[in-house]
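As a plain string of letters, each chain reads:
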Amino acid sequence: PADTKAITSLVEHHRTANLLALSPDGRTIATAETGQPVTLWDISQSPAAQLSTLSAAGTVSQAAFSPDGRILTFASPHGMSLWNISNITHPSAITTLTTSSGFIAATFSPTGSILATTNQNGAVQLWDMNIPGIVKRLCSGIGSPITQTQWNHYIPGIPYARPCTAQASAETAGTALAAATPTA
């Protein structure tokens, strides 16, 4: 409409912002310039206030917030970075997904349980973001439960909790793993 006006501006960008992503609640925007880190901004105030900066390897091409706004993922030729932004002023890296041909885009399913990515070769991959579901599948397999070393490699950023035990079953947010617990 003709009477539309800007509600705030980001004056810190000196070059072209090549990445923009708006959080589900509309209060935070992620931006990045070529070769620069990703910056999170509070756009509920004017002018917008810088909240935090997330390191990025190479030029970031695309970003997506999880539906609950607690995870931000962004693509670069070097990987798909996932950040826990529950504490928006002190975000923490969760992991970096890798592929031989680099990522160009990602999006979360409406529930946030799946992350869909595409790489520079056009291949689409679906990533399970449901940690209790991953644990359940691991526990239902044949062999020993995952070791702490394996956990740290495959599920970085999440504290180790020995899976496939009655205690682990009770700690996984209501997901019943008891049926998947190996018996002696």
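Quantities reported herein were computed from a predicted structural model and do not represent experimental measurements.

> Can you help me understand the sheet that holds strand E5 (residues 62-65) in this one?
Note: strands within a sheet are paired through backbone hydrogen bonds, in either parallel or antiparallel orientation. Spatially, 4 strands are ordered E5-E6-E7-E8 in an open sheet, and the strand pairing comes out antiparallel. Sheet topology places E5 and strand E8 (92-97) at the edges, where each strand pairs with a single neighbour. The mean angle between the axes of side-by-side strands here comes to 20°, regardless of whether they run parallel or antiparallel. Relative to strand E6 (residues 71-76), E5 runs antiparallel, the two sharing 4 bridges. The residue of E6 that forms the bridge with Phe65 is Leu72.

> Whenever I open this one, the side chain of Ser23 confuses me. Can you help?
Within the fold, Ser23 resides in the loop between strand E1 (17-22) and strand E2 (28-33). Since its relative accessible area comes to 7%, Ser23 is described here as buried.

> Can you walk me through the pairing of E6 in this structure?
Note on strand geometry: in a regular strand, side chains alternate between the two faces of the sheet. Counting buried positions over the 6 residues of E6 gives 5, a clear majority of the element. Where E5 folds back on E6, the antiparallel hairpin that results is connected by 5 residues, among which Gly69 adopts a positive phi of roughly 75°. Judged from the 6 bridges that link them, E6 and strand E7 (residues 79-84) form a sheet pairing that is antiparallel. Bridge assignment links Ala75 to a residue of E7, and that residue is Met80. Hairpin connection from E6 to E7: 2 residues lie between these consecutive antiparallel strands.

> What am I meant to see in the packing of aromatic side chains here?
How two aromatic rings sit relative to each other is given by the distance of their centres and the angle of their planes. Evaluation of the coordinates by the stated rule reveals 2 aromatic pairs. Between Trp151 and Tyr160 the ring centres are 5.5 Å apart and the planes differ by 90°, which places this aromatic pair in the edge-to-face class. For Tyr160, a relative accessible area of 27% puts it in the partly exposed group.

> Would you mind showing me how to read the confidence of the model for the chain here?
Parts of the model with low pLDDT should not have their predicted coordinates read in detail. Residues at a pLDDT of 70 or more form 77% of the chain, whose mean pLDDT is 77. Taken as a whole, residues 166-184 scores under 50 in pLDDT and shows 22 contacts with residues more than four places along the chain or in a different chain.

> Would you explain the layout of surface pockets in this entry?
Empty pockets left among the atoms are what a rolling probe the size of a water molecule brings to light. In this model, the largest pocket occupies a volume close to 910 Å³. What lines the largest pocket is a set of 31 residues, among which Leu82, Ile94, Met129, Ile131 and Ile158 lie closest to the centre. Mapped by element, the contributors of at least two residues to the lining of the largest pocket are E7, E8, strand E11 (124-128), helix H1 (131-140) and helix H2 (148-154). It is E8 that contributes the most residues to the lining of the largest pocket, 6 residues altogether.

> What exactly am I supposed to notice about the environment of Ile94 here?
Along the chain, the position of Ile94 falls in strand E8. Its relative accessible area of 22% is what places Ile94 among the partly exposed residues. Taking the C-alpha atoms as reference points, Ile94 and Asn84, 10 residues apart in sequence, are found 6.2 Å from one another. Each residue touching Ile94, except ones within four places of it in the same chain, is listed here: Ile71, Leu82, Trp83, Asn84, Pro156 and Gly157.

> Help me out: how do you make sense of the pairing of strand E4 (residues 49-54) in this one?
Note that strand E3 (residues 38-42) and E4 share 5 bridges and pair antiparallel. Across the sheet, residue Leu40 finds its bridge partner in E4, namely Ser52. Taking the residues between adjacent antiparallel strands as the criterion, E3 and E4 are bridged by 6 residues.

Conventions we followed
- Residues numbered from 1 in each chain as written.
- Predicted model: local features only at pLDDT ≥ 70, side-chain atom pairs only at ≥ 80, totals over all residues.
- Heavy atoms only, no water.
- Pairing = 2+ DSSP bridges.
- Helix = DSSP H or I, 4+ residues; strand = E, 2+ residues; numbered from the N terminus.
- Axes fitted to C-alpha atoms, helices over the stretch in contact; angles between N-to-C directions.
- Buried < 20%, exposed > 50% of the residue type's maximum accessible area, 1.4 Å probe, protein only.
- Phe/Tyr/Trp six-rings, centres within 6.5 Å; stacked < 30°, edge-to-face > 60°.
- pLDDT = per-residue confidence, 0-100.
- Contact = heavy atoms within 4.5 Å.
- 1 Å grid on protein atoms, 1.4 Å probe; cavity = no way out; pocket = protein on both sides within 12 Å on 5 of 7 lines; lining within 4 Å.
- Points joined across faces, edges and corners; volume = space filled by probe spheres on them.

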